[in-house]
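Examining the three-dimensional arrangement
Single-letter residue listing:
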Amino acid sequence: MARRFSIFVFAVVVVAAAALVQSSKAETHDVGDDMEWTVPQNGAVAYQNWAARQTFRIGDVLEFEFTTGQHDVAKVDKEAFDACNSTSPIEHRTTGPANFTLATSGEHYFICTVGQHCTLGQKLAVNVSTVRAEIEYIVGDSLGWAVPPGGAATYQNWAANKTFMVGDSLKFNFTTGLHTVAEVTKANFDSCSGTNAIDTETEGPADMDLDTVGEHYFICTVGNHCSLGQKLAVNVTARSSTTPATPATPSSPSPSGSASPSPSGSISPNSPNSAPSIAVAGLSATLLSVAAAALLY
């Protein structure tokens, strides 16, 4: 009986550990949830309360759902945020829905620039944790995984402005039967040889996990696709809690494939919410303690 209980507890611990890993993936936050991005009925406190319930990490995405022509969204600095000044926005999107990637830690400010919408409360401030979420990169973005019209430089340029870390993954979008993806050694990457590949996927879309530090090489093994430029090399670094130098913007797959109101009415970003982390840590510690005790009997 004790042995059966020990096995059960061990299984619970494994499931909990898997949940912890999954929770670190980059997340898309639908701003306002069902309220979406609009002039809130109860003023700025509506988005203040929404942000207070979220945990924002580097790599996460804010999705602003609004009707084009009725609203817009501009990323601004704190001074412009407090004054509802849209004169010199950092970024400005006029077509809904609009996505903003939280590429750096710290405070980020967003307003609607239409009429008096900002002063009526259509403004959002978030505070991004220094912990970088794991990111799934869509290789080639809208191009997907194909013979690139620009040759090998296409995928080289795609990878150049991204920071790959252990725990990230690559999604290769391609049509099954037309392409493959194989992880190979550098020698085979240079010679476009699929012999003795480390891993080969023949059905698209295919996911490749970046589990180790260092260079990772990928090629298409169909015909002369590799020699025509369908090859990708990425450099993977160790996971860090600091802000990456050039964070990436997660993309959508290709078709083929807390804040409190200040006296002036402005909003200050909420402090990073540590409650989820504390709760998770407590759960993990409890489960491990129970498992250890059970194994003694």
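Higher on the page you've got the structure.
Model, not experiment: these values are computed from the prediction. (Residues numbered from 1 in each chain as written. Predicted model: local features only at pLDDT ≥ 70, side-chain atom pairs only at ≥ 80, totals over all residues. Heavy atoms only, no water.)

**Some points on helix α2 (residues 45-52)**
- Looking only at α2, the buried set comprises Ala46, Tyr47, Gln48, Trp50 and Ala51.
- Buried residues along α2 sit against β1 (28-30), β2 (56-58), β3 (61-64) and β8 (123-132). (Buried < 20%, exposed > 50% of the residue type's maximum accessible area, 1.4 Å probe, protein only. Helix = DSSP H or I, 4+ residues; strand = E, 2+ residues; numbered from the N terminus. Contact = heavy atoms within 4.5 Å.)

**A closer look at the state of the cysteines**
- For the structure shown, the criterion picks out two disulfides.
- Note on cysteine connectivity: cysteine 84 is disulfide-linked to cysteine 118, with sulfurs 2.1 Å apart. Judged by the torsion about the S-S bond (-75 degrees), the cysteine 84/cysteine 118 disulfide is left-handed. Of this pair, cysteine 84 sits in the loop between α3 (78-83) and β5 (91-93) while cysteine 118 sits in the loop between β7 (106-111) and β8, placing them 34 residues apart in sequence.
- Looking at cysteine 118, the relative accessible area reads 3%, which means it is buried.
- A disulfide bridge connects cysteine 192 with cysteine 226, and the sulfur atoms are separated by 2.1 Å. Handedness of the cysteine 192-cysteine 226 disulfide follows from its S-S torsion of about -75 degrees: it is left-handed. Residue cysteine 192 is located in the loop between α5 (186-191) and β13 (199-201), and its partner cysteine 226 is located in the loop between β15 (214-219) and β16 (231-237); the two are separated by 34 residues in the primary sequence.
- In the protein, the bonded cysteines, taken in the order they occur along the sequence, pair up as 1-2, 3-4. (Disulfide = S-S within 2.5 Å.)

**A few points about the environment of tyrosine 155**
- Relative to the helices and strands, tyrosine 155 resides in helix α4 (residues 153-160).
- By relative accessible area, which is 0% here, tyrosine 155 ends up buried.
- In the structure, tyrosine 155 is positioned 14 residues away from aspartate 141 in sequence and 10.0 Å away in space, judged by C-alpha atoms.
- When residues no more than four places from it in sequence are discounted, the contact partners of tyrosine 155 are Val139, Gly140, Leu143, Gly144, Trp145, Ala146, Pro148, Gly229, Gln230, Lys231 and Leu232.

**Description of unusual backbone geometry**
- Of note, the bond from glycine 96 into proline 97 is cis; its omega dihedral lies within 30 degrees of zero at -5 degrees.
- Mapped onto the fold, proline 97 is located in the loop between β5 and β6 (98-101).
- Cis geometry marks the peptide bond from glycine 204 to proline 205, where omega comes out at -5 degrees.
- Along the chain, proline 205 turns up in the loop between β13 and β14 (206-209).
- With a phi angle near 60 degrees, glutamate 36 is a residue other than glycine that sits in the positive phi range.
- The residue glutamate 36 is located in the loop between β1 and α2 in this model.
- Judged by relative accessible area, glutamate 36 falls into the partly exposed class, the value being 37%.

**Some words on the sheet that holds β1**
- If you walk across this open sheet you meet the three strands as β1-β3-β6, and the pairing is mixed. The open sheet is flanked by β1 and β6, the only strands paired with a single partner. Averaged over all pairs of adjacent strands, the angle between their axes in this sheet comes to 25 degrees, without regard to strand direction.
- Bridging between β3 and β6 involves four bridges; their strand directions are antiparallel. Bridging across to β6, glutamate 63 finds its partner in asparagine 99. (Pairing = 2+ DSSP bridges. Axes fitted to C-alpha atoms, helices over the stretch in contact; angles between N-to-C directions.)

**Quick word on the pairing of β15**
- For β15, a buried count of five out of six residues is recorded, marking the element as mostly surrounded by other parts of the structure.
- Here three bridges tie strand β12 (residues 181-184) to β15, and the two strands are oriented antiparallel to one another. Opposite glutamate 183, over in β15, you have phenylalanine 218 as the bridge partner.

That is the geometry; function is a separate question.
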